[in-house]
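As a plain string of letters, each chain reads:
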Amino acid sequence: TSSTSTSIPDADNCFLEHLYGTNSEYTQLFRCLRATLLMSSPEGLEIIRLYNEYNPLILTLIEEDALIKNELKNTIEFAVAIHQEQCTQIKCHV
């Protein structure tokens, strides 16, 4: 068997925590959205399943490519900004 030099991040690490920190406003926002919206519907549960499936790959990508990391952060921050009113209505906000 051969080994690879690419490290695979621990699957338990959340890519949002990697981008923003464990207790950041963005990380807390997404935890709130998961608890209030995603956990209450089959579609939300599928989003959580997909997140868990692809999280290790996303972690690897953002650790290896600063451009991907910056683009992902920009996309997340844009999505939060345009949905700020909805987040506030369910008491999840930055």
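A.B. asks: Tell me what's going on with the packing of helix H2 (residues 25–36) against helix H4 (residues 66–82), and back it up with residues and numbers.
C.D. replies: In contact at an axis separation of 12 Å, H2 and H4 are set at 60 degrees when each is read in the N-to-C sense. The angle between the axes of H2 and H4 places the two elements in the oblique class. For the element pair H2 and H4, the recorded crossing hand is left-handed. When H2 is examined against H4, the residues Tyr-26, Leu-29 and Phe-30 are found in contact with a partner set consisting of Ile-76, Glu-77 and Val-80.

A.B. asks: Give a detailed account of the side chain of Ser-24, specifying residues and quantitative values.
C.D. replies: Summarising the element assignment, Ser-24 is placed in the loop between helix H1 (15–20) and H2. There is a polar contact of 3.5 Å between the side chain of Ser-24 and the backbone oxygen of Gly-21. Within the structure, the side chain of Ser-24 is placed 2.9 Å from the side chain of Thr-27, a separation counted as a polar contact.

A.B. asks: Which residues make up H4, and what values do they have?
C.D. replies: Over its 17 residues, H4 extends 24 Å from the first C-alpha to the last, a length consistent with the 24 Å expected when each residue adds 1.5 Å. The opening residue of H4, the one whose side-chain oxygen lies 2.9 Å from the backbone nitrogen of Leu-67, is Asp-65.

A.B. asks: Which residues make up helix H3 (residues 42–64), and what values do they have?
C.D. replies: An ideal rise of 1.5 Å per residue puts 33 Å on 23 residues; H3 measures up with 33 Å between its terminal C-alpha atoms. Of all the bends in H3, the greatest, near 45 degrees, is centred on Tyr-54, and the proline Pro-56 appears no more than four residues after it. Within H3 the residues assigned to the buried category are Gly-44, Ile-48, Asn-55, Pro-56, Leu-59, Thr-60 and Ile-62. Those residues of H3 that are buried are in contact with H1, H2 and H4.

Reading the values: the criteria
Residues numbered from 1 in each chain as written. Predicted model: local features only at pLDDT ≥ 70, side-chain atom pairs only at ≥ 80, totals over all residues. Heavy atoms only, no water. Axes fitted to C-alpha atoms, helices over the stretch in contact; angles between N-to-C directions. Helix = DSSP H or I, 4+ residues; strand = E, 2+ residues; numbered from the N terminus. Parallel < 35°, antiparallel > 145°, perpendicular 65-115°, else oblique. Left-handed = near helix turned anticlockwise from the far one by under 90°. Contact = heavy atoms within 4.5 Å. Polar contact = N/O pair within 3.5 Å; in protein donor to acceptor, adjacent residues only side chain to side chain. Expected span 1.5 Å × (residues − 1). Bend = angle between axes of the 7 residues up to and from the residue. Buried < 20%, exposed > 50% of the residue type's maximum accessible area, 1.4 Å probe, protein only.

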